[in-house]
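What follows is the residue order along each chain.
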Amino acid sequence: MIAKKTPEEIEVLKEAGHILAKILKTLAGEVKSGMTTLDIDDRAMELLEEVGAEPALLGYHPSFAPFPYPAATCISVNDVVQHGIPSEETVLRNGDIVNIDLTIIYKEMVVDSALTVGVGEVSDQDRKLMAATQEALAHGIKQAKPGNHIGDISAAIQEFVESRGFSVVRELCGHGVGYSVHEEPNIPNFGKAGTGPLIEVGHVYAIEPIVNAGKPDVIFDDEGDGYSVYSEDGSNCAHFEHTVAITENGAEILTK
Ligand code: MF3
Ligand code: CO
Ligand code: CO
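Residues numbered from 1 in each chain as written. Chains lettered and ligands numbered in written order. Predicted model: local features only at pLDDT ≥ 70, side-chain atom pairs only at ≥ 80, totals over all residues. Heavy atoms only, no water.

## Describing a negative patch on the surface
A cluster of acidic residues, Asp39, Asp42, Glu88 and Glu89, forms a negative patch at the surface. Within the secondary structure layout, Asp42 lies in helix 2 (residues 37–51). For Asp42, a relative accessible area of 45% translates into the label partly exposed. (Patch = residues over 30% accessible without salt bridge, like charges linked within 9 Å, V, L, I, M, F, W, Y side chains within 5 Å. Areas by Shrake-Rupley, 256 points an atom, 1.4 Å probe, with all protein chains shown as cover. Salt bridge = Lys/Arg side-chain N within 4 Å of Asp/Glu carboxyl O. Lys, Arg positive; Asp, Glu negative; His and termini not counted. Charge placed at Lys NZ, Arg CZ, Asp CG, Glu CD. Helix = DSSP H or I, 4+ residues; strand = E, 2+ residues; numbered from the N terminus. Buried < 20%, exposed > 50% of the residue type's maximum accessible area, 1.4 Å probe, protein only.)

Here it is as structure tokens:
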């Protein structure tokens, strides 16, 4: 069952989304060489406290993981595709691309958003990778309207990403959100238009293309930190995510 949020709940989600967008923007603006990913997470905690919001991922235990998540943010650098745990050992260097993914609880509602930024000067290839991923998200969001199906979002993202010569990761996907971090439905970043669950007014989705510069294959590194997912070929990965609410007029981006 895909939960439908009430107009009142969507108003709260809008407020929460606005707060999240501001925090992410601040974090992205402060990224610089020499910082550690733990510095970014500490800063996120500080900003959350200032506005009275809570980190939804801290203590969250997804089914795929061996232990509850130990931080507020997931910070995934270069060939870390997703779920990098902030660490004082991960020092950012000029040319890195850094994905910051933050999920927050505000007035009991949950919103989820992510972006990827470069540290200093990044390669042309990485700039194109980030731009294509952000644009793919916009194409996916455009398909998120009542009467369409989840597969319309998936197909739009896949088609755009592949037209740019990049590939979408198959093992990780978008999801319903609002009452909890991960709700139905799954929103894959690949698939066929016209397939999957019907999109209806009141649904709230986290749409999030996860794009590898090289091959789509990923490794769940069991010997690593328990969470980090890597690209198998070592190529870099970009990820952008918005929480959107489905209205009669289409998707409203809550985390803009
Ligand atoms: N924010 C992530 C997402 O977009 C969820 C990460 S789950 C964690 O779906 F446990 F790894 F943090
Ligand atoms: Co997220
Ligand atoms: Co998400």
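Right, picking up where we left off after that structure.
## Looking at the packing of helix 1 (residues 7–30) against helix 2
For any two helices packed against each other, one specifies the crossing angle of their axes together with the interaxial distance. Across the interface, helix 1 lies against helix 2 with an axial gap of 10 Å and an inter-helix angle of 145°. Like other packed secondary-structure pairs, helix 1 and helix 2 cross with a definite hand, here right-handed. On helix 2, the residues touching Ile19, Ile23, Thr26, Leu27 and Glu30 of helix 1 are Ile40, Arg43, Ala44, Leu47, Leu48 and Val51. Partitioned by chemical class, the residues of the contact of helix 1 with helix 2 number eight nonpolar, one polar and two charged. (Axes fitted to C-alpha atoms, helices over the stretch in contact; angles between N-to-C directions. Left-handed = near helix turned anticlockwise from the far one by under 90°. Contact = heavy atoms within 4.5 Å. Nonpolar A, V, L, I, M, F, W, Y, C, P; charged D, E, K, R; others polar.)

## Considerations on the pairing of strand 14 (residues 242–247)
Counted residue by residue, strand 14 has five buried out of six residues, so it is predominantly covered. Of the strand pairs in this sheet, strand 9 (residues 204–207) and strand 14 are connected by four bridges, and their pairing is antiparallel. Bridge pairing in strand 14 places Tyr205 opposite Val244. Across four bridges, strand 14 lies against strand 15 (residues 250–253) in antiparallel orientation. Bridged to Thr247 within strand 15 is Gly250. (Pairing = 2+ DSSP bridges.)

## Thoughts on unusual backbone geometry
With an omega of 0°, the peptide bond running from Glu184 to Pro185 counts as cis. Locating Pro185 in the fold gives a position in strand 8 (residues 183–187). The backbone phi angle of His83 is positive, close to 60°, even though this residue is not glycine. Along the polypeptide, His83 turns up in the loop between strand 3 (80–82) and strand 4 (97–106).

## A word on the site of ligand 1
Near ligand 1 lie 14 residues; those nearest to it are Asp112, His175, His182, Glu208 and Glu241. Asp112 is positioned with one of its side-chain polar atoms (N or O) 3.0 Å from an oxygen atom of ligand 1. With respect to ligand 1, the side chain of Glu241 contributes an N or O atom lying 3.0 Å from an oxygen atom. Contact with the protein chains hides 98% of the accessible area of ligand 1, taken as 340 Å² for the molecule alone. Residue classes in the shell around ligand 1 are distributed as six nonpolar, four polar and four charged. (Near = heavy atom within 4 Å. Polar contact = N/O pair within 3.5 Å; in protein donor to acceptor, adjacent residues only side chain to side chain.)

## Points about the coordination of the cobalt ion (ligand 2)
For the cobalt ion (ligand 2), every protein donor is listed as Asp101 (OD), Asp101 (OD), Asp112 (OD) and Glu241 (OE), and the spread of their distances is 2.1 to 2.5 Å. Classification of the site at the cobalt ion (ligand 2) as irregular follows from its six donor atoms and the range of 56 to 168° in their angles at the metal. Separating the cobalt ion (ligand 2) from the cobalt ion (ligand 3) is a gap of 3.2 Å, which Asp112 spans by donating to each of them. Linking Asp101 in strand 4 with Glu241 in the loop between strand 13 (237–239) and strand 14, this pair joins segments that are 140 residues apart in sequence. The two residues Asp101 and Glu241 agree in class, both being buried. (Donors = N, O, S within 2.8 Å, 3.2 Å for Na, K, Ca; no water. Tetrahedral: all angles 85-135°; square planar, octahedral: opposite > 155°, others 65-115°.)

## Quick notes on the coordination of the cobalt ion (ligand 3)
In this structure, Asp112 (OD), His175 (NE2), Glu208 (OE) and Glu241 (OE) serve as the protein donors to the cobalt ion (ligand 3), at separations of 2.0 to 2.2 Å. Because the angles between the six donor atoms bound to the cobalt ion (ligand 3) fall within 51 to 167°, the donor set is best described as irregular. Within one chain, the residues donating to the cobalt ion (ligand 3) are spaced in sequence as D-x62-H-x32-E-x32-E. A relative accessible area of 3% places Asp112 in the buried class. The exposure class assigned to His175 is buried, which follows from its relative accessible area of 2%.

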